[in-house]
Amino acid sequence: MADIVGVNGQRENFRVVGKPNLPGKLSYALATGIAKFGIDYVLPNMLHAKFLRSPYANALIKKMDITKALALPGVVDIVTWEDEDIKRLGQNPFGPPSRPYLDNWAEQEGAEVGCIVVAEDEDICEEALRLLDIEWEVLGHVVDTLKGREPGAPTAHMVEAAPDPFSKPPEKPKQGNVSYAVTTQGDIEKGFAEADHIIEYQLKLPAFASHMPNPPSSVAWWEDNPYHGEGPDLHIEGAVQRRENVGRMYGVSNEKTVQEGLFQGGKYCDWGMRKSQEITPLLARRTGRPVRCAYTREETFDFLMNERFMYLKVGFTKDGLVTAIDDFSIADNGVYGSSSFGTAGDQGYGPYYTFKCPNIRQQMDIVDTNRGKMYVSGQHCPFNWDSGTMAIYLISEKLGMDPIDVALINVHGPASQEDNTITPSLLACIEEGKKFVNWNWHKAGERKLEDGRMHGASFRYQMCPRHAFSGYDCKLELKNGVVHMPTQGPCTGIFAVECNAMVVAEELGLEYADVAIDFDYRETFTPVGGGSDGTTASSWAMKECANILKQKILESAVNKANNPAPPSMFMFGQPKENPLKGHTADELDMINGMVCLKADPSVGLPLREATSENIFATFSGRPPTSLWTMGMGKMLDTMNTAYCEVAVDTETGEVEILRFDAVADPGKVMRPTSLESQIDQVLFFSQGCQLLEEYVYDEKTGVRLNNNMIDYKKPTTLDVPVIGKKFLETRAGNAAYGANGISHSLANTHAIIIAIHNAIGVWVDPPATPDKILKALGKA
Amino acid sequence: MTEAKDMTFTLETAHAKVSEMIGAIPTALTEYRCPLCGKIFGCYADLKQHYAVEHVGAIPPVTVVLTLNGKSCEVLIEPHWTLKRTLQFRLGLTGAKHMCDKGVCGSCTVIMDGRAVLSCQMLAIECEGKEIQTVEGIAADPKWKPLVDAYCRWDAMQCGYCTPGFLVSAKNLLDKNPNPTVDEINEALSGNICICGTYPRHAQAIREAVEKMSEGAVTNG
Ligand code: FES
Ligand code: FES
């Protein structure tokens, strides 16, 4: 597909779109420290709040006496789970009661439970929490997913979560901590019967921390504002893009829920709200003062990806064509309320989309635990599980074939799973990629570098997933000769607003800096759809809007030219002849900030002079659905490829990533600087989870031992390799100008792990730390 | 609160804004607020007296004079407060960010007497008499405009939360080594963690700034 429906979708000459190094509209505020995030707000007379956190991995509060805590100087309020106002919080008055916002059950060590202390400062909150008299009932816990699956394991969840509306009903009833999910297509028995070879392998996908850079925090206060009608406005900072939801929790209309801050920090698709971002309005209402609730880093160690153990059996022919895949996994369901996006919600939405193989079974045992929570999440989304990439690698090892050739035999074509052609985008990426990295495949353990280290390489391809589920309500306004793009904040780091402004500038013949962005929380336009959707699909809608505005501007210019204002006593000299006079809107264009004649662009007027009207244009909609979305991965448009090379020191177990390259086709490069950044980021995430990052629990107490950035390691500037990038533009996407974006489709769990195997011939589970490598080599 | 208005920044408007923020910091205390009960006093002696009567046994706050971005600022803090906390809660400067609060991530970096230090690990009382420069001070100094500009032109930020810390480390590097190689840059920034993974962007930005600054030096000289 391409952008054949939208205006100028086939545009050939670009002045602004695709230009690098155009600064973000908020970047100067970020770089200089002006930008305020939720945690940064300080208000006069502000109070601070802290939740009680459980020292146990699974426990109930039987009794709690707050008398001593309440008597501590500086303590202003203590809210307990038995207070009526918190009991009502977040409950749908018309629906069945859901789990209370705060109760007496702690589902993991560190869970918010029982009460919230409000005091003059955070130290006093902490001291008051220590003065609480609490009688706990400590329950058995599960922090080892595999043990939690065993019969007789302690019950991890005291309360059953409501069924996930996005998952299909389970095949068989839950037993103990385990729920079951099965998805089957085709006939796997038949598929295995057709196979010449069968391989079996295991993958461990480690849990991986979400680690929002800015610990989630908010400050709220209530203030009268007669402009917004009866009752006080709720003003909250730090509610990120969930201002309206927080307002709803407190029965406050969107109009009266104010959030002016523009900076929400890193989200990485972790859109779940933390309690610190929702509770402050209640506390501010109770105390009559602004209240701040800030989490610490230790309190911000949720999962971006749940732990999963995968066991795979793959049948294939002597040519390398996969005939059957039997995929069984045991997945951590996390604590109560974890997103099913990491478990059953993913099935049928998995890593084998692009395979021709029609016979696939995915079975999953989903184990309730007390390990941690995964909020709505997806930086490592299901198509990045890499079990398919592993299959391709193992087939190549078995048959002595280049994995790129194995991939090309197995990947289906653009039209359907039965399409035997190869998607042009993939072919183009591979052709460029081989040259770019000087691809030279070898079998495992066969290449030694001059310095004695072993060399390994891996190849991975992926589709560029495009969501296009989100519609956008766009508005543009010409005001006093300047084009304004009203936009709702706050913004995350995807530079989607900027990409939209570039498209507006492109279509209206302006420069990027000429487009004024008016941030206003009351606006509706907010380019934040999933992944690249926020940039590519929103800019498609904005492109349409820009062209509606353009038409109106041209008509207004014609009107002004043909119906000049009557002479006024304040005008001196002869009125100037309007060069647009006598022309129709169809004969005009907007070029270089001028409204001019199409036939002779040197004849025209600056925009500000061509019309003196204030003009609005609106457009609501979304681009036509992408092929990927229509086919749920069985139809392919734009693709990407990645190549990784490592050196493994077999004496020390150290791994160095020699190079990591991405050759990707985002359809059309819209904003190159941020597109490059997106690849830097996925490699950073992928490298972290494959080489460094891991949650460690104390089995006996259920306590997580490395909730801090000292013990939970993220890569640094010294760890990340140079990342080679090359972009192709097939214009085959459905969004603006045929763009698709790449979203986080290059995120991977095993590209480095496979390259390590290719170097040393043995498997090491991620994170592949030196000790594990030496152990795998039999040296430790 | 009208922060959202006029929030698209240019190099010049950001420069003006940080200069204004620094200018607005009061140099001397005019009121003394009890951190335990919120009562306000007109002088320190009255606050101490209040402690002696109403909060017997509690340690009263202290006054500290910080030399910040070239300006003397008197603050009332509790003795255990870190510099990071003081900057945010007493001086309204939030460019030094709380990411790890453990001295690991570099997001709270400031320059003190010519050395990059982690403000989450320094007690404010230790900082008296030392020259402290925060990211706001660097951004308010016209000399560093090319660095700020290069950071923004190269998207050496995604969410931007860690960015001020990186910028301070970068400035500290350039103070000592005005023409660093990419390897030297990566070495100097290795104490700063960016969870958005922007690492490769920083060297690009810093190298561009170095070139622009040296061109500027030639032109100006
Ligand atoms: S917050 Fe100070 S080093 Fe991380
Ligand atoms: S830009 Fe987000 S943490 Fe660095």
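Since the model is a prediction, treat every value here as computed from it, not as a measurement. (Residues numbered from 1 in each chain as written. Chains lettered and ligands numbered in written order. Predicted model: local features only at pLDDT ≥ 70, side-chain atom pairs only at ≥ 80, totals over all residues. Heavy atoms only, no water.)

### Here we look at the packing of aromatic side chains
Move 1: Considering all chains together, one arrives at 26 aromatic pairs over all chains under this definition.
Move 2: With a centroid separation of 5.9 Å and 85° between ring planes, the pair formed by Tyr393(A) and Trp763(A) is classed as edge-to-face. Of the two residues, Tyr393(A) is situated in helix α9 (residues 387–399) and Trp763(A) in the loop between α17 (751–760) and α18 (770–776); the sequence distance between them amounts to 370 residues.
Move 3: In this structure Tyr393(A) comes out as buried when scored by relative accessible area, which is 4%.
Move 4: Between Phe166(B) and Tyr199(B) the ring centres are 6.2 Å apart and the planes differ by 50°, which places this aromatic pair in the tilted class. You can see Phe166(B) sitting in helix α6 (residues 163–176) and its partner Tyr199(B) sitting in helix α8 (residues 199–220), a full 33 residues away along the chain. The residues Phe166(B) and Tyr199(B) share a single accessibility class, namely buried.
Move 5: Joined through ring pairs, the aromatic side chains of Phe208(A), Tyr268(A), Phe684(A), Phe685(A), Phe166(B) and Tyr199(B) make up one cluster.
Move 6: Positioned over the ring face of Phe685(A) is Lys714(A), at 5.5 Å from the centre of the ring. (Phe/Tyr/Trp six-rings, centres within 6.5 Å; stacked < 30°, edge-to-face > 60°. Helix = DSSP H or I, 4+ residues; strand = E, 2+ residues; numbered from the N terminus. Buried < 20%, exposed > 50% of the residue type's maximum accessible area, 1.4 Å probe, protein only. Lys NZ or Arg CZ within 6 Å of the ring centre and 35° of its normal.)

### Digging into the pattern of salt bridges
Move 1: For the structure shown, the criterion picks out 59 salt bridges over all chains.
Move 2: Glu298(A) is the partner of Lys102(B) in a salt bridge, and the nearest nitrogen-oxygen pair spans 2.9 Å. Of the two residues, Lys102(B) is situated in the loop between α3 (83–89) and β5 (109–112) and Glu298(A) in the loop between β13 (291–294) and β14 (303–305); the pairing between them involves two chains.
Move 3: Across the pair Glu656(A) and Arg453(A) runs a salt bridge, and its minimum N-O distance is 2.7 Å. (Salt bridge = Lys/Arg side-chain N within 4 Å of Asp/Glu carboxyl O.)

### Digging into the packing of α9(A) against α17(A)
Residue and element names in this part refer to chain A.
Move 1: Between α9 and α17, whose axes approach to 10 Å, the crossing angle comes to 15°. When the interaxial angle is binned, α9 and α17 end up roughly parallel. Viewed along their axes, α9 and α17 form a crossing whose handedness is right-handed. Along the contact surface, α9 presents Thr389, Met390, Tyr393 and Glu397, while α17 presents Ile754, His757 and Asn758. (Axes fitted to C-alpha atoms, helices over the stretch in contact; angles between N-to-C directions. Parallel < 35°, antiparallel > 145°, perpendicular 65-115°, else oblique. Left-handed = near helix turned anticlockwise from the far one by under 90°. Contact = heavy atoms within 4.5 Å.)

### Considering the interface of chain A and chain B
Move 1: Of the residues lining the interface, 75 residues belong to chain A; the matching set on chain B comes to 64 residues.
Move 2: Here chain A and chain B share an interface that buries about 5,800 Å² over both sides, 60% of which is from carbon and sulfur atoms.
Move 3: For the interface between chain A and chain B, the tally reads seven salt bridges.
Move 4: Here Arg201(B) ties to Asp680(A) by a salt bridge, and the two come within 3.5 Å at their closest N and O atoms.
Move 5: For the interface between chain A and chain B, the tally reads 24 residue pairs in polar contact (both at pLDDT 80 or more).
Move 6: Among the elements that make up the side of chain A that touches chain B, the one with the highest residue count is helix α16 (residues 672–692) of chain A (nine residues). (Buried area = accessible area lost by both parts, 1.4 Å probe. Polar contact = N/O pair within 3.5 Å; in protein donor to acceptor, adjacent residues only side chain to side chain.)

### Observations concerning helix α5 (residues 145–153) of chain B
Residues and elements named next belong to chain B.
Move 1: The buried fraction of α5 amounts to seven of the nine residues, a majority that puts the element mostly inside the structure.
Move 2: Looking only at α5, the buried set comprises Lys145, Leu147, Val148, Asp149, Ala150, Tyr151 and Cys152.
Move 3: Downstream of α5 by a residue or two, Asp155 has a phi angle that is positive, lying close to 50°.

### Focus on the domain arrangement of chain A
The extent of an interface is frequently quoted as the accessible surface area lost upon association of the parts.
Residue and element names in this part refer to chain A.
Move 1: On domain assignment, one finds that chain A holds domain 1 (27–35 + 468–565 + 576–621), domain 2 (38–139 + 212–300) and domain 3 (411–466 + 630–780).
Move 2: Between the C-alpha centres of domain 1 and domain 2 the distance comes to 41 Å.
Move 3: Every contact between the two is made by 13 residues of domain 1 and, on the other side, 18 residues of domain 2.
Move 4: Carbon and sulfur atoms make up 58% of the area that domain 1 and domain 2 hide from each other, which totals about 1,200 Å².
Move 5: Along the contact surface separating domain 1 from domain 2 lie zero salt bridges.
Move 6: At the surface where domain 1 touches domain 2, the tally comes to five residue pairs in polar contact (both at pLDDT 80 or more).
Move 7: In terms of residue class, the side of domain 1 that touches domain 2 is made up of eight nonpolar, four polar and one charged. (Domains from an automatic or database assignment. Nonpolar A, V, L, I, M, F, W, Y, C, P; charged D, E, K, R; others polar.)

### Here we look at unusual backbone geometry
All names here are of chain A.
Move 1: Residue Pro490 is bonded to the preceding Gly489 through a cis peptide linkage, with omega at -10°.
Move 2: With respect to the helices and strands, the residue Pro490 is situated in the loop between β20 (482–487) and α12 (496–508).
Move 3: For Arg731, which is not a glycine, the phi torsion comes out positive at approximately 55°.
Move 4: Inspection of the secondary structure assignment puts Arg731 in the loop between β28 (723–727) and α17.
Move 5: Classification of Arg731 by relative accessible area gives partly exposed; the value is 21%.

### Let's talk about the pairing of strand β23 (residues 594–597) of chain A
All names here are of chain A.
Move 1: In this structure, strand β22 (residues 588–591) lies alongside β23, joined through four bridges in antiparallel fashion. Its bridge partner being in β23, Met590 is matched across the sheet by Val595.
Move 2: The turn joining β22 and β23, which pair antiparallel and follow one another in sequence, is formed by two residues; a positive phi near 50° is taken by Asn592.
Move 3: The hairpin formed by β23 and strand β24 (residues 604–606) contains six residues between the paired strands. (Pairing = 2+ DSSP bridges.)

### What about the confidence of the model for chain B?
Move 1: Chain-level statistics for chain B give a pLDDT mean of 94 and a share of 95% at 70 or above.
Move 2: Across the interface, the model reports ipTM at 0.96; the global pTM reads 0.96. (pLDDT = per-residue confidence, 0-100.)

### Describing the nonpolar core
Move 1: Counting 156 residues, the largest nonpolar core has Met485(A), Val595(A) and Tyr151(B) as its most contacted members.
Move 2: With twelve residues, the top contributor of residues to this core is helix α13 (residues 533–562) of chain A.
Move 3: Each residue touching Met485(A), except ones within four places of it in the same chain, is listed here: Lys475(A), Leu476(A), Val497(A), Asn500(A), Ala501(A), Val504(A), Val515(A), Ala516(A), Ile517(A), Asp518(A), Phe525(A) and Met542(A).
Move 4: Listed in part, the 55 residues of the second largest apolar core include Leu47(A), Ala59(A), Tyr101(A) and Val240(A). (Core = buried A, V, L, I, M, F, W, Y, C linked by side-chain atoms within 4.5 Å.)

### Examining the sheet that holds strand β26 (residues 639–648) of chain A
Residues and elements named next belong to chain A.
Move 1: One open sheet accounts for four strands, arranged β18-β26-β27-β28; its pairing is mixed. The sheet is open, and its two borders are formed by β18 (454–463) and β28, each paired with just one other strand. Strand-to-strand twist of the sheet, defined as the mean angle between neighbouring strand axes without regard to direction, takes the value 10°.
Move 2: Here β18 pairs with β26 via ten bridges, running antiparallel. Bridge pairing links Ser458 to Cys644 in β26.

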